[in-house]
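# Examination of the molecular architecture
Below are the chains, spelled out letter by letter.
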Amino acid sequence: MRIDHDHREGVMHGYIPFQEYLGEFVYGGIDGAVTTFAVVAGAAGADLSIGVVLILGFANLLADGFSMSVGAYLSTKSERDNYEKHRRIEYAEVDTIPEVEREEIREIYQAKGFEGELLEKVVDVITADRDRWVDTMMKEELNMIPEQKSPVKIGAVTYLSFLVVGIIPLLAYLFQGDSQDMNQLFFVSCLTTSVAFILVGWLKAYVTQTSRWRAVAETLFLGASAAAVAYFVGDILERWLA
């Protein structure tokens, strides 16, 4: 059974990944929470009604989430296409100028400290198999490794996380009940969004294997900064346009 490098690293550090696309979920969730909360804060600063907050919030949630997921899909697909393009070039070079490519393999492993008979044996083993030869050139010469994740799944997970986490700032307005106090609703939204930032920041530390408290603090700071800017912009524009 093949165990990839990330999995081995996770086990070594005491972490076992939940899923292959956890990183995409985390970053999509952070972006969703930050951008939607900024819309809510801007609407609060401008003293807009609940209906307007929900319209702006859901428009942002669906449109920005879709845009981000498309961007993630296209980025991953472009990386794959670029890798395949260079791989085809390497195959062509191995077929048409094998001695030049063989010498490049020799230089690569000579730089790693191989020499003499051992160096020649390594070169012979690698160049004896066309696929292995090309794979070695891709990794050692071009520093390129294939993207194993599906571009479609990356885009889908990004959109899902954007929606799931990004809707949290809107929940207070969506289920306000009898409350029409905008300040109270905004306060509740701040609390629920802070919890979302804490959870996503915790997961971010899991993915990056960094300090959990630092990751949480960074995520909270990012969200609060974006919300503060949006709030004051909304307040200033509301006063200026009123």
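These remarks concern the structure in this document. Computed from a prediction, not measured in an experiment: that's the story for all the values here.

### With respect to the overall build of the protein chain
- What the protein chain contains, in helices and strands, is 10 helices and zero strands.
- For the protein chain, the sequential pattern of α-helices and β-strands runs α-α-α-α-α-α-α-α-α-α.
- In summary, the protein chain has a C-alpha radius of gyration of 25 Å against a globular reference of 18 Å for 242 residues, an excess of more than 25%.
- When the backbone C-alpha atoms are referred to their principal axes, the protein chain occupies close to 80 × 35 × 30 Å.
- Taking all 242 residues of the protein chain together, the buried fraction comes to 36%.
- Put simply, of all contacts in the protein chain between residues at least 6 apart along the chain, 77% involve residues at least 24 apart.
- Working note: accessible area of the protein chain is about 14300 Å², and carbon and sulfur atoms make up 62% of it.
- Taken as two groups, the 20 positive and 34 negative side-chain charges of the protein chain have centres that lie 4 Å from each other.

### What about a nonpolar patch on the surface?
- Together, Val 229, Val 233, Leu 237, Trp 240 and Leu 241 line one region of the surface with nonpolar side chains, adding up to about 560 Å² of accessible area.
- Inspection of the secondary structure puts Leu 237 in helix α10 (residues 212-241).
- Here Leu 237 falls in the partly exposed class, since its relative accessible area comes to 39%.

### Topic: the packing of aromatic side chains
- For the structure shown, the criterion picks out seven aromatic pairs.
- Considering the side-chain rings of Phe 37 and Phe 197, the 6.4 Å spacing of their centres and the 70 degrees angle between planes classify their relative orientation as edge-to-face. Highlighted residues: Phe 37 in helix α2 (residues 22-45) and Phe 197 in helix α9 (residues 182-208), separated in sequence by 160 residues.
- Taking the relative accessible area as the measure of exposure, Phe 197 reaches 3% and is therefore buried.
- Aromatic side chains Phe 186 and Tyr 231 sit 5.9 Å apart centroid to centroid with 20 degrees between the ring planes, which places their arrangement in the stacked category. Highlighted residues: Phe 186 in helix α9 and Tyr 231 in helix α10, separated in sequence by 45 residues.
- The buried category is assigned to Phe 186, whose relative accessible area is 17%.
- For Tyr 231, a relative accessible area of 29% translates into the label partly exposed.
- Here the aromatic cluster, defined as three or more aromatic residues joined through ring pairs, consists of Phe 37, Phe 186, Phe 197, Tyr 231 and Phe 232.

### Describing the pattern of salt bridges
- Enumeration according to the criterion identifies 10 salt bridges in this entry.
- The partner of Asp 81 in a salt bridge is Lys 77, with the nearest N and O atoms 3.2 Å apart. Of the two residues, Asp 81 and Lys 77 are both situated in helix α3 (residues 50-96); the distance of four residues between them amounts to about one turn of the helix.
- A relative accessible area of 34% places Lys 77 in the partly exposed class.

### Description of helix α6 (residues 130-141)
- Here α6 contains 12 residues, and its C-alpha end-to-end distance of 16 Å stays within 8% of the 16 Å for a straight helix at 1.5 Å per residue.
- Within the span of α6, buried status applies to Trp 133, Val 134, Thr 136, Met 137 and Met 138.
- Close packing links the buried residues of α6 with α3, α4 (98-111) and α5 (116-127).
- Measuring from the side-chain oxygen of the N-cap residue of α6 to the backbone nitrogen of Asp 131 gives 3.1 Å; that N-cap residue is Asp 129.
- Once α6 finishes, Asn 143 follows within two positions and takes phi at roughly 55 degrees, a positive value.

### Description of the nonpolar core
- Within the largest apolar cluster, 26 residues are counted, with the highest numbers of intra-cluster contacts made by Val 40, Ile 50, Val 53, Tyr 173, Met 182 and Phe 186.
- The set of elements that each furnish at least two residues to this core consists of α2, α3, α8 (171-174), α9 and α10.
- Residue contributions to this core peak at 10 residues, all from α2.
- Setting aside residues no more than four positions away along its own chain, Met 182 makes contact with Leu 48, Ser 49, Ile 50, Val 53 and Tyr 173.
- In terms of nonpolar packing, the next biggest core, distinct from the first, is built from 15 residues, Ile 108, Leu 119, Ile 126 and Trp 133 among them.

Thresholds, definitions, all that
Residues numbered from 1 in each chain as written. Predicted model: local features only at pLDDT ≥ 70, side-chain atom pairs only at ≥ 80, totals over all residues. Heavy atoms only, no water. Helix = DSSP H or I, 4+ residues; strand = E, 2+ residues; numbered from the N terminus. Rg over C-alpha atoms; globule rule 2.2 N^0.38 Å. Buried < 20%, exposed > 50% of the residue type's maximum accessible area, 1.4 Å probe, protein only. Contact = heavy atoms within 4.5 Å. Areas by Shrake-Rupley, 256 points an atom, 1.4 Å probe, with all protein chains shown as cover. Lys, Arg positive; Asp, Glu negative; His and termini not counted. Charge placed at Lys NZ, Arg CZ, Asp CG, Glu CD. Patch = residues over 30% accessible without salt bridge, like charges linked within 9 Å, V, L, I, M, F, W, Y side chains within 5 Å. Salt bridge = Lys/Arg side-chain N within 4 Å of Asp/Glu carboxyl O. Phe/Tyr/Trp six-rings, centres within 6.5 Å; stacked < 30°, edge-to-face > 60°. Expected span 1.5 Å × (residues − 1). Polar contact = N/O pair within 3.5 Å; in protein donor to acceptor, adjacent residues only side chain to side chain. Core = buried A, V, L, I, M, F, W, Y, C linked by side-chain atoms within 4.5 Å.

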